[in-house]
Amino acid sequence: ATPTALMVGTGRAAKMGILIKDGEALEVIDDLKAVIFDKTGTITVGKPVVTDVVGDRKKVLSIAAGLEDQSEHPLASAVVQQANEDQIEVQPVTEFEAVRGQGVRGKINGHQAFVGSERLAKEEIDSELAKQREQLQSEAKTVVLVGVDDKVIGLIAIQDSPKPTSAEAIQQLNNLGLETIMLTGDNQTVAEAIGKQVGIQKVIAGVLPNEKATYVKQAQEKGRVAFVGDGINDAPALTTADVGIAMGSGTDIAIESGEIVLVQNDLRGVVKALAMSRKTFQRIK
Ligand code: ADP
Ligand code: MG
């Protein structure tokens with residue numbers, strides 16, 4: 001495309017809320033094999049709410065909220081908000097530590113406490129709790145464990161629904177013959193339940209933050225890949241992908257790492273960018 005055509009293309013895209021920082025991204029996006037999505041805040045709204053508490057509700061929430069009060073994870077605000085709603089006093093925490101992609105821990109009343117995924121728990125949970133966890137996960141709820149002194153004392157189920165436009169966007173990409181993949185640190189059962197709701201072709205769950213870029217590289221063996229994400233932990237995957245697409249609502253580092261920014265946080269922007277690419281470069285397909 002001529003420089004003028006490129007300017008017109010990026011200008012038109014900007015009017016639709018699609019910021020294209022790099023003209024090359026606009027060219028490459030029409031030649032993709034796969035689009036890989038982060039789950040939380042990208043496919044889903046990213047405003048999770050607590051739906052269930054298993055165990056002594058007051059105790060579980062006061063410990064979890066004490067820890068989550070110091071975390072910036074989207075799941076954390078859901079827990080703190082629920083404790084506030086229940087008017088539960090949160091426990092003061094010392095020696096706070098955030099374990100990326102796993103959860104948070106710290107000392108409460110001299111006891112070591114944690115909230116997060118099973119990776120963070122030292123011991124297996126008992127079969128009764130495991131059963132309840134499985135049930136909640138099959139309802140597409142993310143379940144975090146709350147523990148004191150290595151013993152799990154309860155579960156908190158948190159729901160984060162897909163954005164209303166995610167299914168349509170993914171369907172359109174599927175129809176264009178692209179492979180659609182979800183990459184998430186969340187549990188397999190939850191990820192699959194969400195994946196089904198939006199019609200994604202492949203789900204890769206339990207991925208640690210530093211592993212996301214590795215999966216992008218793997219997918220690149222088959223062709224060009226776009227990665228769509230919003231989090232701090234998505235930054236390496238956004239830069240590794242042939243086209244990095246960040247949510248406008250994302251963290252600063254994600255927005256800086258992406259070549260395209262979807263200001264309206266609507267995944268249909270990916271399809272629109274593809275169409276804009278085709279128009280700008282006058283490709284007939
Ligand atoms: P995603 O890839 O979906 O954005 P993350 O990698 O941020 O997810 O987190 C993966 C998992 O780690 C979560 O599903 C949760 O089980 C656990 N986790 C991470 N941070 C926290 C936290 N602050 N509180 C509770 N659980 C957490
Ligand atoms: Mg995210």
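Residues numbered from 1 in each chain as written. Chains lettered and ligands numbered in written order. Predicted model: local features only at pLDDT ≥ 70, side-chain atom pairs only at ≥ 80, totals over all residues. Heavy atoms only, no water.

Looking at the overall build of the chain
Scanning the chain from terminus to terminus reveals 12 helices and 13 strands. For 285 residues, the compact-globule estimate of 2.2 N^0.38 gives 19 Å, and the chain sits close to it at 20 Å. Dimensions along the principal axes, computed over C-alpha positions, put the chain at roughly 65 × 30 × 30 Å. In the chain, once contacts between residues fewer than 6 apart in sequence are set aside, the share between residues at least 24 apart is 60%. Taking the average place of the 31 positive charges on the side chains of the chain and the average place of its 39 negative ones, the gap between the two points comes to 6 Å. (Helix = DSSP H or I, 4+ residues; strand = E, 2+ residues; numbered from the N terminus. Rg over C-alpha atoms; globule rule 2.2 N^0.38 Å. Contact = heavy atoms within 4.5 Å. Lys, Arg positive; Asp, Glu negative; His and termini not counted. Charge placed at Lys NZ, Arg CZ, Asp CG, Glu CD.)

Things to note about the sheet that holds strand β12 (residues 243–247)
Across the sheet, which stays open at both edges, the seven strands sit in the order β1-β13-β12-β11-β2-β9-β10 with mixed pairing between neighbours. Where the open sheet ends on each side, the last strands, each with one partner, are β1 (18–20) and β10 (202–204). Geometrically, the sheet is characterised by an average inter-axis angle of 20 degrees between neighbouring strands, direction not taken into account. Bridge analysis of strand β11 (residues 225–229) against β12 gives four bridges, and the strand direction is parallel. Bridged to V228 within β12 is I245. (Pairing = 2+ DSSP bridges. Axes fitted to C-alpha atoms, helices over the stretch in contact; angles between N-to-C directions.)

Regarding the site of ligand 1
Surrounding ligand 1, one finds 20 residues, the nearest of these being T40, E68, H73, T184 and G185. One nitrogen or oxygen atom from the main chain of Q102 is found 3.4 Å from a nitrogen atom belonging to ligand 1. Between D186 and ligand 1, the recorded distance is 3.3 Å, taken from a side-chain N or O atom to an oxygen atom. Counting residues per element, the ones that place at least two in the shell around ligand 1 are β5 (103–108), β6 (111–116) and β7 (141–148). Of the residues in the shell around ligand 1, the class split is four nonpolar, 12 polar and four charged. (Near = heavy atom within 4 Å. Polar contact = N/O pair within 3.5 Å; in protein donor to acceptor, adjacent residues only side chain to side chain. Nonpolar A, V, L, I, M, F, W, Y, C, P; charged D, E, K, R; others polar.)

What to know about the coordination of the magnesium ion (ligand 2)
Protein-derived ligands of the magnesium ion (ligand 2) are D38 (OD), T40 (O) and D230 (OD), with the metal-ligand distances lying across 2.1 to 2.3 Å. Counting the intervening residues between successive donors of the magnesium ion (ligand 2) yields the motif D-x1-T-x189-D. Of this pair, D38 sits in strand β2 (residues 34–38) while D230 sits in the loop between β11 and α10 (235–240), placing them 192 residues apart in sequence. Neither residue differs from the other here; D38 and D230 are each classed as buried. (Donors = N, O, S within 2.8 Å, 3.2 Å for Na, K, Ca; no water. Buried < 20%, exposed > 50% of the residue type's maximum accessible area, 1.4 Å probe, protein only.)

A short note on the sheet that holds β7
The strand order β3-β8-β7-β6-β5-β4 describes an open sheet built from six strands, whose pairing is antiparallel. Looking at which strands have only one partner, the edges of the open sheet turn out to be β3 (49–54) and β4 (94–99). Across the sheet, the mean angle from the axis of one strand to that of its neighbour is 20 degrees, orientation sign disregarded. Alignment of β3 against strand β8 (residues 151–159), held across five bridges, turns out to be antiparallel. Residue V53 lies in a different strand from β8, and its bridge partner there is I156. On top of the sheet, helix α4 (residues 57–68) reaches β3, β4, β5, β6, β7 and β8; it is set at about 75 degrees to β8, its chief contact.

Looking at the pairing of β7
Extensive coverage of β7 is indicated by the burial of eight of its eight residues. Side chains of β7 alternate between two faces, with K141, V143, L145 and G147 and T142, V144, V146 and V148 buried alike. The sheet contact formed by β6 and β7 spans four bridges and is antiparallel. Looking at the pairing, V115 lines up with V146 of β7. Direction of pairing for β7 relative to β8: antiparallel, over a ladder of eight bridges. Looking across to β8, one finds that G147 is bridged to V152. Linking two consecutive strands that pair antiparallel, namely β7 and β8, is a turn of two residues; a positive phi of about 50 degrees is found at D149 within it.

Structural notes on the environment of G244
Locating G244 in the fold gives a position in strand β12. Looking at G244, the relative accessible area reads 0%, which means it is buried. Between the alpha carbons of G244 and Q172 there is a distance of 19 Å; along the sequence they are 72 residues apart. Non-local contacts of G244, meaning those with residues more than four positions away in its chain, are made with F227, L238, G258, E259 and I260.

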